[in-house]
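# Fold and geometry: a report
Each chain, written out:
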Amino acid sequence: MAFDDLSSRHYTAFCEFLEGACGIVLGPNKQYLVKSRLSPLVGELSYASISDFIDSVIKGERNATRSAIEVMTTNETLWFRDSYPYTLLEQEIFPALAKQNRQIKVWSAACSSGQEPYSIGMSWLNAKQKNTLGNTARLQVTGTDISAEMLDICRKGEYDLLAIARGLPEHCQKNYFEPIDKGRLRVAPPLKQLIQFKPINLLDSYGSLGKFDLVFCRNVLIYFSRDVKKQILQKIAACLQDDGILFLGASESLSGLSEDFTMIRSNHGLYYRKSAS
């Protein structure tokens, strides 16, 4: 199988396709990433070269475009990534919201293979075990992603040894997962029933999702252009309740991007609260 070099013309055309389809901006020096992600598809889908595959993508051939988006939007993820958002949830935010005696709604945007929404659910269950939530508050977490393949993994809720080793604490394995085979674990019903998964392209409308108390959009905005970041943040603000909370990645900032949020610093870390209208 001939995997030819990626020409500037084909690279530019593919970057334009990717930005138009899902907002991801690669920049001028990511040819190695495109080649490494697309090369396996050339063989799987019986193309002669990366160039031929990209030609099919640009023409809009359904299988090629779907496969290209799948591999280019699949990112590394961890359980309880950076830890502080989940400490804040468990110790401060969930107990405060639980006092309202209603359903608390959380959105995990671009949730990849499900570690983030399930970590949010585990934080809720941890707090519940400590009797800090009362008896009437309820949680619903919505995980969304553009990738149908990732959403299938999320819904199945089964993880191998490598995925488990990426930050899943032993007490969580014991309390919230069931053993399957070969060391794999499956999300147990008390955790799974807290989470639902839906397909969402962050370039599209979020109106169908409803209103949320909390939004996790962590390590996502870095892939978009400045203008698209602003649009996404504006739409997130619109789907947050008054005083709703936004978590970004540890290295991300809203500086110069949005006036819809106020930074809140706590002992455990920072987050953003929706500003008063």
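Residues numbered from 1 in each chain as written. Predicted model: local features only at pLDDT ≥ 70, side-chain atom pairs only at ≥ 80, totals over all residues. Heavy atoms only, no water.

Attention shifts here to the overall build of the protein. Helix and strand content of the protein: 11 helices and 10 strands. The globule rule puts the C-alpha radius of gyration for 277 residues at 19 Å, and the 20 Å found for the protein is close to it. For the protein, the spread of C-alpha atoms along the three principal axes comes to 60 × 50 × 30 Å. When the 277 residues of the protein are sorted by exposure, 48% land in the buried category. Look at the contacts in the protein between residues 6 or more apart in sequence, and 73% of them connect residues 24 or more apart. (Helix = DSSP H or I, 4+ residues; strand = E, 2+ residues; numbered from the N terminus. Rg over C-alpha atoms; globule rule 2.2 N^0.38 Å. Buried < 20%, exposed > 50% of the residue type's maximum accessible area, 1.4 Å probe, protein only. Contact = heavy atoms within 4.5 Å.)

As a further point, take the packing of aromatic side chains. Applying the stated rule across the entire model yields 13 aromatic pairs. Seen in terms of ring centroids, Tyr47 and Phe53 are 5.4 Å apart; in terms of plane orientation they differ by 80°. Their pairing is edge-to-face. Here Tyr47 and Phe53 have matching classes, each one buried. Ring geometry for Phe80 versus Tyr86: centroids 5.2 Å apart, planes at 75°, classification edge-to-face. Residue class for Phe80 comes out buried when judged on its relative accessible area of 15%. (Phe/Tyr/Trp six-rings, centres within 6.5 Å; stacked < 30°, edge-to-face > 60°.)

Attention shifts here to the side chain of Asp145. Looking at the secondary structure, you find Asp145 in strand S2 (residues 138-145). Despite its burial, Asp145 pairs with no opposite charge; the closest candidate is Arg155, at 10 Å N-O. Polar side-chain contacts of Asp145 include one of 3.3 Å to the backbone nitrogen of Cys111. Non-local contacts of Asp145, meaning those with residues more than four positions away in its chain, are made with Ala110, Cys111, Ser112, Met150, Leu151, Lys198, Pro199 and Ile200. (Lys, Arg positive; Asp, Glu negative; His and termini not counted. Salt bridge = Lys/Arg side-chain N within 4 Å of Asp/Glu carboxyl O. Polar contact = N/O pair within 3.5 Å; in protein donor to acceptor, adjacent residues only side chain to side chain.)

This part is about the pairing of strand S9 (residues 261-265). Inspection of the sheet shows S9 paired to strand S10 (residues 270-274) by five bridges, in the antiparallel sense. Looking at the pairing, Ile264 lines up with Tyr271 of S10. Taken together, S9 and the strand that follows it, S10, pair antiparallel across an intervening segment of four residues, in which Gly269 is found at a positive phi of about 155°. (Pairing = 2+ DSSP bridges.)

Relative to the elements of secondary structure, Ser119 occurs in helix H6 (residues 115-129). Overall, the relative accessible area of 0% leaves Ser119 in the buried class.

Moving on: the sheet that holds strand S4 (residues 177-179). Read from one edge to the other, the open sheet built from three strands follows the order S3-S5-S4, with strand pairing classed as antiparallel. Of all the strands in the sheet, just strand S3 (158-159) and S4 have a single pairing partner and so form its edges. As paired strands, S4 and strand S5 (residues 185-187) are joined by three bridges and run antiparallel to one another. Counted as the bridge partner of Glu178 is Arg186 from S5.

With that out of the way, let us pick up the environment of Leu97. Among the secondary structure elements, Leu97 is positioned in helix H5 (residues 84-98). On the basis of relative accessible area, Leu97 is assigned to the buried category, the value being 14%. Sequence separation between Leu97 and Leu133 is 36 residues; the distance between their C-alpha atoms is 8.5 Å. Not counting chain neighbours up to four residues away, the residues in contact with Leu97 comprise Arg102, Ile104, Asp213 and Leu214.

Opposite charge on two side chains lets them pair, provided their charged atoms get close. The tally for this structure, following the rule as stated, stands at eight salt bridges. Salt-bridge contacts for Asp213 lead to Arg102; the nearest nitrogen and oxygen are separated by 2.6 Å. Of this pair, Asp213 sits in strand S7 (residues 212-216) while Arg102 sits in the loop between H5 and strand S1 (103-108); the two residues are 111 residues apart in sequence, bridging distant segments of the chain. Classification of Asp213 as buried rests on a relative accessible area of 6%. With a shortest N-O distance of 3.3 Å, Arg184 and Glu158 are connected by a salt bridge. Separated by 26 residues along the polypeptide, Arg184 in the loop between S4 and S5 and Glu158 in strand S3 bring together distant segments of the chain.

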